[in-house]
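Observations on chain architecture
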2 protein chains.
Amino acid sequence: MGRRSMPGCDTTDLGRCESCAVRRFGLCNALTRDELRQIRQIANRRVYKPGDQILIGEEETPFFAAIYSGAVKLSKILFDGRQQVVGLLLAPDCLGRVFGKPSPYFAEATTDVELCCFPHTAFQKMLDDYPELKQRLLEQTIDELDSARDWMVLLGRKSAEERVASLLLMLAMRLRHTRYDARGTDCPVVLDLYLKRHEIGDYLGLTYETVCRQIRNLCEKNLISQSGRRQFTVPSLSALAQAAG
Amino acid sequence: MGRRSMPGCDTTDLGRCESCAVRRFGLCNALTRDELRQIRQIANRRVYKPGDQILIGEEETPFFAAIYSGAVKLSKILFDGRQQVVGLLLAPDCLGRVFGKPSPYFAEATTDVELCCFPHTAFQKMLDDYPELKQRLLEQTIDELDSARDWMVLLGRKSAEERVASLLLMLAMRLRHTRYDARGTDCPVVLDLYLKRHEIGDYLGLTYETVCRQIRNLCEKNLISQSGRRQFTVPSLSALAQAAG
DNA sequence: CGAGACATTGAGTAGGTTCAAAGACCGTGG
DNA sequence: CCACGGTCTTTGAACCTACTCAATGTCTCG
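Since the model is a prediction, treat every value here as computed from it, not as a measurement.

1. Re the layout of surface pockets
Its boundaries defined by the atoms lining it, the second largest pocket holds a volume of some 1400 Å³. D143(A), S147(A), D150(A), M170(A) and R174(A) are, among the 44 residues lining the second largest pocket, the residues nearest its centre. Elements that contribute at least two residues to the lining of the second largest pocket include exactly β6 (83–89), α4 (131–157) and α5 (160–179) of chain A together with β5 (72–77) and α4 (131–157) of chain B. Residue contributions to the lining of the second largest pocket peak at 12 residues, all from α4(A). Within the lining of the second largest pocket, the residues separate by chemical class into 20 nonpolar, 10 polar and 14 charged.

2. Overview of the pairing of strand β8 (residues 106–109) of chain B
Residue and element names in this part refer to chain B. Summarising the sheet, strand β3 (residues 53–55) and β8 pair through two bridges and their orientation is antiparallel. Across the sheet, the residue bridging to Q53 is E108, located in β8. Looking at chain direction, β5 and β8 are connected through four bridges and run antiparallel. Looking across to β8, one finds that L74 is bridged to A107.

3. Points about the protein's contact with DNA strand C
Around DNA strand C, a shell composed of 19 residues is seen, among which R197(A), R216(A), A160(B), T210(B) and R213(B) lie nearest. For DNA strand C, the fraction of protein-proximal atoms (within 4 Å) that sit in sugar or phosphate groups is 67%. Separating a phosphate oxygen of DNA strand C from a side-chain N or O atom of R197(A) is a distance of 2.6 Å. At 3.3 Å from a phosphate oxygen of DNA strand C is found a side-chain nitrogen or oxygen belonging to R230(A). Among the elements that line the surface near DNA strand C, the one with the most residues is helix α7 (residues 208–220) of chain A, at five residues.

4. Regarding the protein's contact with DNA strand D
In the vicinity of DNA strand D, 20 residues are found, and the nearest of them are A160(A), T210(A), R197(B), C212(B) and R216(B). Take the atoms of DNA strand D that sit within 4 Å of the protein: sugar and phosphate atoms are 66% of them. Take E209(A): an N or O atom from its side chain is 2.9 Å from a base nitrogen of DNA strand D. At 3.0 Å from a base nitrogen of DNA strand D is found a side-chain nitrogen or oxygen belonging to R213(B). Mapped by element, the contributors of at least two residues to the surface near DNA strand D are α7 of chain A together with α6 (197–204) and α7 (208–220) of chain B. Among the elements that make up the surface near DNA strand D, the one with the highest residue count is α7(B) (five residues). Among the residues forming the surface near DNA strand D, the class breakdown is four nonpolar, six polar and 10 charged.

Here is what the cut-offs are and how they apply
- Residues numbered from 1 in each chain as written.
- Chains lettered and ligands numbered in written order.
- Predicted model: local features only at pLDDT ≥ 70, side-chain atom pairs only at ≥ 80, totals over all residues.
- Heavy atoms only, no water.
- 1 Å grid on protein atoms, 1.4 Å probe; cavity = no way out; pocket = protein on both sides within 12 Å on 5 of 7 lines; lining within 4 Å.
- Points joined across faces, edges and corners; volume = space filled by probe spheres on them.
- Helix = DSSP H or I, 4+ residues; strand = E, 2+ residues; numbered from the N terminus.
- Nonpolar A, V, L, I, M, F, W, Y, C, P; charged D, E, K, R; others polar.
- Pairing = 2+ DSSP bridges.
- Near = heavy atom within 4 Å.
- Polar contact = N/O pair within 3.5 Å; in protein donor to acceptor, adjacent residues only side chain to side chain.

Encoded structure:
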């Protein structure tokens, strides 16, 4: 597994909060201007390249972080190497444990990633001081739980084709949501899949060969088209949703 | 699906908090005596029989509840009837949505169940007034998220035999934990599976026939023995853990 | 241009499903 | 108390989806 470069780590420079997805849709949305100014003080920025390990299963978590940009793959690995991706974290999501406990997951950057990291004790203090923040964290955790359970349905009960369709649909929906492209509900969506075929397989509980074949299937049915190896166009979300179960 | 009897509903009578699992290990553990006295006031008790629907997908949740006794099956159903159980809730667990949003799950009693129910607004006020309580709720939600992700590994990557072994292991561990049977780590455990074969299948992403066959397998390997149709004895947890992956 | 990683495609196989039938258990009522 | 009906469970045989193994193709980056 790629550990190509050491994760960079530099401090400050966060006048960027204004345009940040975490501020607009995520955790920091629960903060007033003053509180935001305060959380900036304890935050520091880290950047990663595709393939970098951000967290290593069972090791002490060094921080709690919000994702500023990029995509992070969260996974668990069985003793014999079988792997299951348990989450794909994008822009306004959070990463790591709140209370400093070791996180039982591996987290790997699948694109260039920028994190906004908070040291545990300082962040815990923020949580205690600002109930809105803790409330927001609770809500986000509940949403994550819902997604995890949706994925359980996918893994337990859906066919290979439905799984691939579901993944593309999920990403398309997310994209539409954070971009606020609320044009007519059913216009074409172009989306980038930041994952290799192998990783898609580990996310969907399939082998990569099966993923290939099912992508071809969906193309032949005109439910999607490939504009690049990892870029797809979805002509109709509702048609895709049909195929996703 | 069984809707055999109307759920009963009576009020008060909660001097039972002292011996309650929710008090000892769950939410109420975060409260002082005084605060407990207060939460009692807003609580009311509901009882259900096996097969009763407690929550119906997408309907407004009538309450937030802690489980006093019994087992509740949480599931999602696909348009064509395929079902996936996404959680099995036992004694100190909680049920329903905190903020009154509709819960996207079906909840069904699989044994006799007693719930301790809190109306939304009153409970939300408790949460706002007692940060410890909210903290506890957050921690429990994180634990649930971890379990859900463990289940994703099971559904995505484990064989039928490993799945059945994992389920029994999980229940045995839970049982040992709440009963505080900390005798030598590896003594025999007797456990009741409150689920029919069909429900086990829906939990493990298998058909009930496969569940049957795998139970037989495990018996033949002496990893478990059946003492009743739904009661099993696990001679060695560590041996079972081996088989569970 | 070549090497390596990633993706695609094909053929054969296996684990789990489906379909079918028989057996065990439980509560009910004669 | 036993017989009956329904539900749940067990077992068998055929089938199918997704996996495995293997070869070929394509992209990227030095």
